Amino acid sequence: MAINVVEEAKRCLQCKVPMCRKGCPISTNIPEMNRLFLEFKKDEAGKMLFENNPLSAICSLVCNHEKQCEGNCVLGRKGSPVHVSSIENYISDAYLDHLNLQREDDKKQRVAIIGGGPAGITISVILAQRGYDVTIFESRDKIGGVLRYGIPEFRLPKTVLDRYEERLKKLGIKIRPHTVVGYALTIDDLERDGYEAIFIGTGVWRPKKLGIKGESLGNVHFAIDYLANPDVYDLGKRVVIIGAGNSAMDVARTATRKGVSEVYVFCRRGHAAASVRELEYAEADGVQILYGYRPDEFTDRGVLYKVATMDEEDNVLEMSEQKFFEADSIVVAASQGAMNRIVSTTKGIETNEKGLLSTDEKGSTSRPGIFSAGDVVNGARTVVEAVRYSKDVAEAMDEYLKAKREEKENADEDEEVKAS
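This one's a predicted model, so the numbers in the text were calculated from it and none came from an experiment.

Definitions and limits used
- Residues numbered from 1 in each chain as written.
- Predicted model: local features only at pLDDT ≥ 70, side-chain atom pairs only at ≥ 80, totals over all residues.
- Heavy atoms only, no water.
- Buried < 20%, exposed > 50% of the residue type's maximum accessible area, 1.4 Å probe, protein only.
- Helix = DSSP H or I, 4+ residues; strand = E, 2+ residues; numbered from the N terminus.
- Pairing = 2+ DSSP bridges.
- Contact = heavy atoms within 4.5 Å.
- Domains from an automatic or database assignment.
- Buried area = accessible area lost by both parts, 1.4 Å probe.
- Salt bridge = Lys/Arg side-chain N within 4 Å of Asp/Glu carboxyl O.

**Some points on the pairing of strand S4 (residues 195–200)**
Residues in a regular strand project their side chains so that they alternate between the two faces of the sheet. For S4, the buried fraction is high: five of the six residues fall into the buried class. Two strands pair when backbone bridges link them, and strand S1 (residues 110–114) and S4 are joined in this way by five bridges, in the parallel orientation. Looking at S4, one finds that Ala112 is bridged to Ile198. As defined by bridge partners, S4 adjoins strand S16 (residues 370–372) across three bridges and the pair is classed as parallel. Note that in S16 the partner of Ile200 across the bridge is Ser372.

Next comes the structure, spelled out in structure tokens:
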């Protein structure tokens, strides 16, 4: 049933201390959004949302609203919370078509953005508006990163990302598709060619394996690979998915749409890590969640597993004998780690024990002029968290570039004094 966004906006209590805003990782001013919308100032509301969160039109579709804005709405304590996501999407999606970003005077400084995911897009928009010459180096054919290649079409239409790409190009941002920094081009090449600040936002695309026997068999696949292009996979009619996070639900719901008749999710604990909404959608699509199921080995015919009996805190009380679960295919959805192409071809960039890039609170890596944020720093997180942190990193990059300009200006003045 379609949500009446006007009626929902009218339900907002305009709280003096809005808990919805406190629950939002990027502190979206939700009461102000509703107020402007009801005063027929939709574009003004859209402008406010975009300036706070350049990916507002996307976050309104993919955020875990039940744990964030909507989950903290005071109306939800005794009834139904305001459907913030629908209102935000209605406003932000319309504003995206009217978006006319302006550039400040040309700073005559080049900035390289490695990776066109949520963090890279956010920083590109902010720095391009401030007059920097921004180039995005994208390893795939189109920008979007996990938004395009890790979230199914039914949750995030790819046309939204195409509209973002058009706006980036109009802002003067250059995009180099199919360009993997760390192969033909390196960080050193970028610095040689005048990029004075470089941002690494390559995400986490290396699947984490379970380390159990049978993981290399032909009927076993990784979730992040499957979601990138599900049409090239023939999973058969009966599929088991290992893991119960949002990615697992995305795989499960995609598989049902691609003709798989039986989809089972092995959740090793007594509750799923996926959001309640995604879990409910998956179950509505016919997906069966099997709690306490833990794989021991994959075979050509299915999964050898045990079932754990747990208490309310997920402590294992008892483990069953090994059993067999028949399946045509198995998809492992156990999170992802970072690729190491850039680190392995660049001196002076430190990583932590998980292979993620080490940065300070402003996103600076151990090598001057190189910054990072998003999943490649924090591990797989939400889109809105990547945007929030990236805004801070964009400010730090602006400050760094400003200092370089002043340093050059001072050096030029010294040369003029010497010449005179």
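What follows continues from the structure just given.
**Thoughts on the side chain of Ser275**
In this fold, Ser275 is placed in the loop between strand S8 (262–267) and helix H14 (276–284). Residue Ser275 is classed as buried on the basis of its relative accessible area, which comes to 5%. Not counting residues up to four positions away in its chain, the partners in contact with Ser275 are Asn64, Glu66 and Asn246.

**A few points about the domain arrangement of the chain**
In many reports, interface size means the accessible area that the parts give up when they come together. When its domains are assigned, the chain resolves into domain 1 (5–98), domain 2 (110–206 + 341–411) and domain 3 (209–334). On a C-alpha basis, the centres of domain 1 and domain 2 stand 27 Å from each other. Buried surface at the junction of domain 1 and domain 2, both sides included, amounts to about 1800 Å², of which 70% is carbon and sulfur. Among the residues domain 1 hides against domain 2, the three largest losses belong to Leu55, Ile58 and Leu96. Together they make up 33% of the total. The interface formed by domain 1 and domain 2 contains three salt bridges.

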